[in-house]
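Residues per chain are reported as follows:
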Amino acid sequence: MLTRLIPHPLLSLTLIFVWLGLVNTFTLGNLILGSVFGLFIPMFTAAYWPDRPRIARPFKIAEYILVVLWDIVVANVQVALIILFKPESKIRSQWIPVPLDLTSAEAITVLAGTITMTPGTVSATLAADGSAILVHCLHTDDPDAVRDEIKTRYERRLMEIFP
């Protein structure tokens, strides 16, 4: 019964907080209206979410977010140094195929988004069977090291989060 009323509790909470952030004023009326949105939108869209992603270790999400934030800061500095001080003739851009062990569509989507959010790398395309992702790297002398770093820093953690 409760899953019929609140089919996606995390989405409901997110909608409430997004609404309160959009109106930028915390009042009882805004909280009630945000709660109405948080209850009714997931109920009306539940038919379009037939399979919920299973999250095996939700506390690993916090670790993953911290790792990604740290990598974004470090990559920003690295990209700035490349752009400011490396001559264009010495920049070695590479296309790097990264074979995937992930099978969950949600996990692959998070991985592709993470790669793209990290400065200096962009996820370009996914193999039709989901077995590999093509990544463009702004500068690297060792494409294998970039591939291995993506697999160990991101994919391994995502495999723990999404079984």
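See the structure shown above.
Residues numbered from 1 in each chain as written. Predicted model: local features only at pLDDT ≥ 70, side-chain atom pairs only at ≥ 80, totals over all residues. Heavy atoms only, no water.

Student: Provide a residue-level description of the pattern of salt bridges, including the pertinent values.
Tutor: Taken as a whole and judged by the stated rule, the model has 11 salt bridges. Salt-bridge contacts for E160 lead to R57; the nearest nitrogen and oxygen are separated by 3.9 Å. Remark: R57 occurs in the loop between α3 (28–45) and α4 (60–85) and E160 occurs in helix α6 (residues 143–161); sequence separation between them is 103 residues. By relative accessible area, which is 23% here, E160 ends up partly exposed. Taking the shortest distance from any N to any O, the salt bridge between K151 and E155 comes out at 2.4 Å. Linking K151 with E155, this pair stays in helix α6, spanning four residues, or about one helical turn. (Salt bridge = Lys/Arg side-chain N within 4 Å of Asp/Glu carboxyl O. Helix = DSSP H or I, 4+ residues; strand = E, 2+ residues; numbered from the N terminus. Buried < 20%, exposed > 50% of the residue type's maximum accessible area, 1.4 Å probe, protein only.)

Student: Give a description of the packing of aromatic side chains that names residues and reports values.
Tutor: Under the counting rule described, the total for this entry stands at three aromatic pairs. On the numbers, 5.0 Å between centres and 75° between planes, the contact of W19 with F37 is edge-to-face. Separated by 18 residues along the polypeptide, W19 in helix α2 (residues 9–23) and F37 in helix α3 bring together distant segments of the chain. Between F40 and F44, the aromatic rings sit 6.0 Å apart at their centres with planes inclined by 20°, giving stacked as the arrangement. On the criterion of helical spacing, the pair formed by F40 and F44 is a turn pair, its members being four residues apart in helix α3. By relative accessible area, F44 is classed as exposed at 62%. (Phe/Tyr/Trp six-rings, centres within 6.5 Å; stacked < 30°, edge-to-face > 60°.)

Student: Hey, could you go over the pairing of strand β3 (residues 132–137) for me, with residue numbers and the actual values?
Tutor: By the alternation rule, side chains of β3 split into I133, V135 and C137, which are all buried, and A132, L134 and H136, of which none is buried. Looking at chain direction, strand β1 (residues 94–99) and β3 are connected through six bridges and run antiparallel. Along β3, the bridge assignment pairs Q94 with C137. Examined bridge by bridge, strand β2 (residues 121–126) and β3 share five bridges and lie antiparallel to one another. Within β3, the position partnered with V122 by the bridge is H136. (Pairing = 2+ DSSP bridges.)

Student: Could you give an account of the layout of surface pockets, naming the residues involved and the relevant values?
Tutor: Gaps left between atoms show up when a probe the size of a water molecule is rolled over them. Space inside the largest pocket adds up to approximately 540 Å³. Among the elements of the structure, α2, α4, α5 (105–117) and α6 are those that each provide at least two residues to the lining of the largest pocket. In terms of residues, the lining of the largest pocket owes the most to one element, α2, which gives four residues. The residue inventory of the lining of the largest pocket, partitioned by class, reads 14 nonpolar, three polar and two charged. Considered as a void within the structure, the second largest pocket measures approximately 470 Å³ in volume. A75, Q78, P119, T121 and E149 are the residues nearest the centre of the second largest pocket, which is lined by 20 residues in total. Counting residues per element, the ones that place at least two in the lining of the second largest pocket are α4 and α6. At seven residues, α4 tops the list of elements feeding residues into the lining of the second largest pocket. (1 Å grid on protein atoms, 1.4 Å probe; cavity = no way out; pocket = protein on both sides within 12 Å on 5 of 7 lines; lining within 4 Å. Points joined across faces, edges and corners; volume = space filled by probe spheres on them. Nonpolar A, V, L, I, M, F, W, Y, C, P; charged D, E, K, R; others polar.)

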